[in-house]
Amino acid sequence: MKINNLTIKGKPAAKPLILAGPCSAETREQTLETAKELASFGIEIFRAGIWKPRTKPGGFEGVGKAGLEWLREVREVTGMMTATEVANSKHVEMALNSGVDILWLGARTTANPFAVQEISDALSGTDITVLVKNPVNPDPELWLGAVERLLNSGITNIAAVHRGFSTYERGLFRNLPQWHIPIELKRRVPSLTVLCDPSQIGGRPELIYPISQQAMDMGFDGLMVETHINPSVALSDKDQQITPLALNSILKALIIRTSIDSSERLG
Ligand code: PEP
Ligand code: MN
């Protein structure tokens, strides 16, 4: 599988690449306030879900199309790039039309080859950056299969996101990291950019720092962290979101080693 180094809007991706923002865009105010504060700490890419895949019906399923307008305002007001999750071809069409810079496939979508194929077909002919979260089950083939479907549609700016794997047992983590799976992915495709999402893995604020540090130590290329202006009132993933201020102190505390020989790094 041939993958180039990741570029975003034609420029090489920063290293480490940091995406931050709320699990969900909830209101215009919450979206803009979160983005402004992140921008004030130098974060350049804003993530926010607007179509939310929820386990059961009846929960907050995202604001939908209205959120695209808020993301446009985030770009305008802060100069940040924006990223959102797409789960079908309609989402892709709407997100592309409204100028979203980066799209991601969620864990439930990556697990569904029909959906991945539909999205890949809808993206064909664009040069947008696409992030592929691991499938909910620990299957590196399914993860790579999604990357391959995108590649086959001519999408070349692809990165993987490790967000842990579902289990029945409840333990320390919300989703088990099973680090050997992203290691295997990287071994199979060394040029693939791999990010870590400590929010979905940890499921609680106090785990964001240690998981992020572990990812950095293992040579991951960046982080996607759920960040909310007021986590205690978040409409989704309330227990794992952190404030922009907390994110800033975590990022400042991270030790990012660059001296290790390239042959000994995951990346
Ligand atoms: C998210 O990032 O908000 C999300 C739903 O992630 P995942 O697909 O990894 O569960
Ligand atoms: Mn979430």
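Predicted model, so just to flag it, every value in this text is computed and none were measured. (Residues numbered from 1 in each chain as written. Chains lettered and ligands numbered in written order. Predicted model: local features only at pLDDT ≥ 70, side-chain atom pairs only at ≥ 80, totals over all residues. Heavy atoms only, no water.)

### Quick notes on the overall build of the protein
Our working rule: Helix and strand assignments follow DSSP, with helices taken as H or I runs no shorter than four residues and strands as E runs no shorter than two, numbered in order from the N terminus. All radius of gyration figures rest on C-alpha atoms, and the globule criterion is 2.2 Å times the number of residues raised to 0.38. For the area figures, the Shrake-Rupley method with a 1.4 Å probe applies, and any residue is considered shielded solely by the protein chains shown. His residues and chain termini do not enter the charge count, which takes Lys and Arg as positive and Asp and Glu as negative. For the purpose of locating charges, the reference atoms are NZ of Lys, CZ of Arg, CG of Asp and CD of Glu.
Counting its secondary structure elements, the protein contains 10 helices and 10 strands. Scaling as 2.2 N^0.38, a compact globule of 267 residues should have a C-alpha radius of gyration of about 18 Å, and the protein matches this with 17 Å. With respect to the principal axes defined by its C-alpha atoms, the protein has extents near 45 × 40 × 40 Å. By element, 52% of the accessible surface of the protein is carried by carbon and sulfur atoms, the whole surface being about 11,700 Å². Positive and negative charge centroids in the protein, built from 28 and 29 side chains respectively, lie 1 Å apart.

### Side note on the coordination of the manganese ion (ligand 2)
Ideal coordination angles are 109.5 degrees for a metal with four donors arranged tetrahedrally and 90 or 180 degrees for a metal with six donors arranged octahedrally. Spelled out, the test is: In this analysis a donor is any N, O or S atom within 2.8 Å of a metal ion (3.2 Å for sodium, potassium and calcium), and since water is not included, sites may seem incomplete. Under the scheme applied here, a residue whose accessible area is under 20% of the maximum for its type counts as buried, over 50% as exposed, and between as partly exposed, the area being computed with a 1.4 Å probe on protein chains only.
At this site the manganese ion (ligand 2) is bound by Cys 23 (SG), Glu 226 (OE) and Asp 237 (OD), with donor distances of 2.1 to 2.5 Å. For the manganese ion (ligand 2), all donor residues lie on one chain, and their spacing in sequence is C-x202-E-x10-D. Here Cys 23, found in the loop between β3 (17-21) and α1 (28-40), pairs with Glu 226, found in strand β10 (residues 222-226); they are 203 residues apart in sequence, far enough to count as distant. Overall, the relative accessible area of 2% leaves Cys 23 in the buried class. Judged by relative accessible area, Glu 226 falls into the buried class, the value being 1%.

### Focus: the sheet that holds β3
Cut-off, in case you're wondering: A strand pair is defined by DSSP finding two or more bridges across the two strands. Fitted lines through C-alpha atoms serve as axes, helices being fitted only where they are in contact, and the angles separating the N-to-C directions of these axes extend from 0 to 180 degrees.
The eight strands are arranged β3-β4-β5-β6-β7-β8-β9-β10 in a closed barrel whose pairing can be described as parallel. Shown here is a sheet whose adjacent strand axes are inclined to one another by a mean of 25°, direction ignored. Examined bridge by bridge, strand β5 (residues 81-85) and strand β6 (residues 102-105) share three bridges and lie parallel to one another. Pairing of Glu 85 across the sheet is with Trp 104, part of β6.

### Quick word on unusual backbone geometry
In this chain, Lys 15 is followed by Pro 16 through a cis amide linkage whose omega measures -5°. Positive phi outside glycine occurs at Lys 9, with the angle close to 50°. With respect to the helices and strands, Lys 9 occurs in the loop between β1 (7-8) and β2 (11-12). At Gln 178, a residue that is not glycine, the phi angle is positive and equals roughly 40°. Residue placement: Gln 178 occurs in the loop between β8 (158-162) and α7 (180-188).

### As for the packing of helix α6 (residues 140-152) against α7
Using the following cut-off: Each angle receives one of four descriptions, namely roughly parallel if under 35 degrees, roughly antiparallel if over 145, roughly perpendicular if within 65 to 115, and oblique otherwise. The handedness criterion is simple: a crossing whose near helix is rotated anticlockwise from the far helix by less than a right angle is left-handed, and one whose near helix is rotated clockwise is right-handed. Contact between two residues is taken to exist if any of their heavy atoms lie within 4.5 Å; hydrogens are not considered. In the scheme used here, Gly and all other residues not listed as nonpolar or charged are polar, with Ala, Val, Leu, Ile, Met, Phe, Trp, Tyr, Cys and Pro taken as nonpolar and Asp, Glu, Lys and Arg as charged.
α7 packs onto α6 with a crossing angle of 50° between their chain directions and a minimal axis gap of 10 Å. Compared by their axis directions, α6 and α7 come out oblique. α6 and α7 meet at a crossing whose hand is right-handed. In contact with Pro 140, Glu 141, Trp 143 and Leu 144 of α6, α7 contributes Ile 181, Pro 182, Glu 184, Leu 185 and Arg 188. Looking at the contact of α6 with α7 residue by residue, the classes come out as six nonpolar, no polar and three charged.

### Section: the site of ligand 1
For clarity, the cut-off: Nearness here has a simple test: a residue counts as near a molecule or strand if at least one of its heavy atoms is within 4 Å of that partner. Distance and chemistry together define a polar contact, namely a pair of N or O atoms within 3.5 Å, with one atom able to donate a hydrogen and the other to accept it when in protein, and with adjacent residues in sequence counting only for side-chain atoms on both sides.
Surveying the vicinity of ligand 1 reveals the residues Cys 23, Arg 47, Lys 52, Glu 85, Trp 104, Gly 106, Ala 107, Arg 108, Lys 133, Arg 163, Gln 200 and Glu 226. Between ligand 1 and the protein, one listed contact pairs an oxygen atom with a side-chain N or O atom of Lys 52 at 2.9 Å. For ligand 1, an oxygen atom lies 3.0 Å from a polar atom in the side chain of Arg 108. With the chains in place, 96% of the 290 Å² that ligand 1 exposes on its own is no longer accessible. Considering only residue class, the shell around ligand 1 consists of three nonpolar, two polar and seven charged.

### Examining the side chain of Ser 24
With respect to the helices and strands, the residue Ser 24 is situated in the loop between β3 and α1. Not counting chain neighbours up to four residues away, the residues in contact with Ser 24 comprise Gln 30, Gly 49, Lys 52, Phe 60 and Ser 236.

### So, the nonpolar core
The line we're drawing: Residues belong to a common nonpolar core when they are buried Ala, Val, Leu, Ile, Met, Phe, Trp, Tyr or Cys residues joined through side-chain atoms within 4.5 Å.
Counting residues in each nonpolar core, the largest one holds 60 residues, and the members touching the most others are Phe 46, Val 86, Leu 123, Leu 150, Cys 196, Phe 220 and Leu 223. The element that contributes the greatest number of residues to this core is α6, accounting for six residues. If you look at the next biggest cluster of nonpolar residues, it comprises 14 residues, including Leu 17, Ile 45, Ile 102 and Ala 159.

### With respect to the pairing of strand β9 (residues 193-196)
Note the following rule: Crossover handedness is defined by viewing with both strands directed away from the observer: a clockwise path from the first strand over the helix to the second marks the crossover as right-handed.
Burial along β9 is two-sided: Thr 193 and Leu 195 and Val 194 and Cys 196, pointing in opposite directions, are all buried. The pairing of β8 with β9 spans four bridges and is classified as parallel. Note that in β9 the partner of Ala 160 across the bridge is Val 194. In this view, the connection linking β8 to its parallel neighbour β9 by way of α7 has right-handed handedness.

### Side note on the packing of α1 against helix α10 (residues 244-253)
Between two packed helices, both the angle of their axes relative to each other and the distance between the axes serve to describe the pair. Running from N to C, α1 and α10 point in directions that differ by 25°, and their axes come no closer than 9 Å. With respect to α10, the axis of α1 lies roughly parallel. Seen from above, α1 lies across α10 with right-handed handedness. Residue-level contacts link Thr 34, Glu 37 and Leu 38 of α1 to Pro 244, Leu 245 and Leu 247 of α10. When grouped by side-chain class, the residues that make up the contact of α1 with α10 number four nonpolar, one polar and one charged.

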